[in-house]
Amino acid sequence: EEGQGPAAEGGPWGRARYEAVKKHLGAVGALSKRYWQYLACKVWQEGCEEEREEASPGWSLPLVGQDYLEILSAWYCSFGKCCKTGDCRIVNNITGLEADLNGQLHGQHLAKEVIVRAVQGFLQSPQPQKALVLSFHGWSGTGKNFVARMLASHLYRDGLKSECVRVFISLFHFPHHKYMDSYEAQLKKQISETVQLCKQSLFIFDEAEKLHFSLLDAIKPFMARYDNKGQVDYRRSIFLFLSNLGGNTINEVALDFWRAGRAREEISMEFLEQRLRLELLEPSENSYICSHLLKENLIDFFVPFLPLEYHHVKLCARDAFLARGLPYTEAALDEVARMMVFVPKEEKLFSAQGCKSVSQRINYFLP
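Model, not experiment: these values are computed from the prediction.

(A) Structural context of the nonpolar core. Counting residues in each nonpolar core, the largest one holds 77 residues, and the members touching the most others are Ile115, Phe205, Phe239, Leu240 and Phe241. For this core, the element with the highest residue contribution is helix α5 (residues 109–124), accounting for 9 residues. Beyond its immediate sequence surroundings of up to four residues, Ile115 is in contact with Leu101, Phe136, Val147, Leu151, Val303 and Phe305. One finds Val313, Cys316, Phe321 and Cys355 within the second-largest nonpolar core, a separate group that totals 15 residues.

See the structure below:
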């Protein structure tokens, strides 16, 4: 404009259009500055006061821009810690969880559906009333630990190594009954510290049926409805209890369906969970059953894991070969499956070990 003089009012770069473009460019620059301040405040906690002071009443970042900034800040935080409290490496990849459950968890249509719906609904709830408590039941080798590890890996970028995940194995962490008072104090302290550190925590209790009742009752307040009396909010926690209890009942139901000529996929959650609850609520000397977790209905879902059949074991063998990058044949998969023990004695329908030890058995087929 300086070199050519003022352009004609009606020309392509007339004064009115020039001023309009100039105004738009100024607005873009101001908005970019706001975006940068917002990002710096969110990620590094720098310039937050300045960002708040410059925000005019009623003005906020466009929703789409906020979404992009959330993605960008999450991406930056994924490389390491960027906040003083909470795990910045929470991913909550429900889509990936569902895909992996469908592709890698065999013979468990009920567990797949319940787990995805329960976890997704819990994470999407803006203000849950209590922690999510899931109790996995079934024979050894049916996938309880496998699903627990899968949940950790899809909720947290660091999986079981995340600071927000704690795994407790009954006989390993709490072996001696005479030290229960000490165990109880340590357990409550670890849960409290984890909840304070992380805005979303995951606690896994393996061999739950072997936990002493005093330990179960000690952690009951963390799973009860939030009364807002304490300073620590534990409503965003997830508790998983893995147990062999109820395995016989689950197997009996699956066997009855097979004998009646009905597909195992016809077994409904309502029918099986009802049978499972009835067994667990029967008088027993087991501390897990006698604890307040069941009596006070603190467990949200009893998740049944069905016994695995011959073709499920073959699928596990296939996955084991693929995980190690090894070629396989149908004959090799059949050979691995035939090495397993199947029960009952007459039908030989269910693998007594589930898929446990399948990955070790493929070593027989290596050159």
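(B) Fine view of unusual backbone geometry. Of note, the bond from Val343 into Pro344 is cis; its omega dihedral lies within 30 degrees of zero at -5°. Structurally, Pro344 can be placed in the loop between β6 (342–343) and β7 (350–351). Here Asn92, not a glycine, exhibits a phi torsion of approximately 50°, which is positive. Here Asn92 lies in the loop between α3 (63–77) and α4 (94–104). Given a relative accessible area of 26%, Asn92 falls into the partly exposed group. One non-glycine residue, Lys348, lies in positive phi territory at about 50°. Of note, Lys348 is situated in the loop between β6 and β7. Assessed through its relative accessible area of 53%, Lys348 is described here as exposed.

(C) Region of the structure containing the packing of aromatic side chains. Overall, the coordinates contain 11 aromatic pairs when judged by the stated rule. Ring geometry for Phe174 versus Tyr183: centroids 5.6 Å apart, planes at 65°, classification edge-to-face. The residues Phe174 and Tyr183 share a single accessibility class, namely buried. Summarising the aromatic geometry, the rings of Phe203 and Phe239 are spaced 5.0 Å apart at their centres and angled 25° between planes, so their arrangement reads as stacked. Note that Phe203 is positioned in strand β3 (residues 201–206) and Phe239 in strand β4 (residues 237–243), a separation of 36 residues in sequence. Judged by relative accessible area, which is 0%, Phe203 ranks as buried. Linked through ring pairs, Phe168, Phe174, Tyr179, Tyr183, Phe205 and Phe241 together constitute an aromatic cluster. Of note, Arg236 hangs over the ring of Phe122, and the distance from its end group to the ring centre comes to 5.7 Å.

(D) Main features of the state of the cysteines. One pass over the full model with this rule turns up 2 disulfides. Between Cys164 and Cys198 runs a disulfide, and the two sulfur atoms are separated by 1.9 Å. Because the sign of the S-S torsion sets the handedness, a value of about -95° for the bond joining Cys164 and Cys198 places this disulfide among the left-handed ones. Of this pair, Cys164 sits in the loop between α6 (144–155) and β2 (165–169) while Cys198 sits in the loop between α8 (180–197) and β3, placing them 34 residues apart in sequence. Residues Cys164 and Cys198 agree in their burial class; the two are buried. The residue that forms a disulfide with Cys316 is Cys355, at a sulfur-sulfur distance of 1.9 Å. Every disulfide takes its handedness from the sign of the S-S torsion; for Cys316 and Cys355 that torsion is 85°, giving right-handed.

(E) Representation of the packing of helix α11 (residues 247–259) against helix α12 (residues 269–280). Contact pair α11 / α12: the axes reach a minimum separation of 9 Å and the direction vectors enclose 140°. For the pair α11 and α12, the sense of crossing is right-handed. Within the contact between the two elements, α11 uses Thr249, Ile250, Glu252, Val253 and Phe257 and α12 uses Phe271, Leu272, Arg275, Leu276 and Glu279. Grouping the constituent residues of the contact of α11 with α12 by class yields 6 nonpolar, 1 polar and 3 charged.

(F) Structural context of the pattern of salt bridges. Taken as a whole and judged by the stated rule, the model has 14 salt bridges. With a closest N to O distance of 3.3 Å, Glu296 and Lys220 form a salt bridge. Of this pair, Glu296 sits in the loop between α14 (292–295) and β5 (301–304) while Lys220 sits in helix α10 (residues 220–223); the two residues are 76 residues apart in sequence, bridging distant segments of the chain. Residue classification places Glu296 among the partly exposed residues on the basis of a relative accessible area of 36%. The exposure class assigned to Lys220 is partly exposed, which follows from its relative accessible area of 21%.

Analysis parameters
Residues numbered from 1 in each chain as written. Predicted model: local features only at pLDDT ≥ 70, side-chain atom pairs only at ≥ 80, totals over all residues. Heavy atoms only, no water. Core = buried A, V, L, I, M, F, W, Y, C linked by side-chain atoms within 4.5 Å. Buried < 20%, exposed > 50% of the residue type's maximum accessible area, 1.4 Å probe, protein only. Helix = DSSP H or I, 4+ residues; strand = E, 2+ residues; numbered from the N terminus. Contact = heavy atoms within 4.5 Å. Phe/Tyr/Trp six-rings, centres within 6.5 Å; stacked < 30°, edge-to-face > 60°. Lys NZ or Arg CZ within 6 Å of the ring centre and 35° of its normal. Disulfide = S-S within 2.5 Å. Axes fitted to C-alpha atoms, helices over the stretch in contact; angles between N-to-C directions. Left-handed = near helix turned anticlockwise from the far one by under 90°. Nonpolar A, V, L, I, M, F, W, Y, C, P; charged D, E, K, R; others polar. Salt bridge = Lys/Arg side-chain N within 4 Å of Asp/Glu carboxyl O.

Don't take any of this as a statement about function, it's just geometry.
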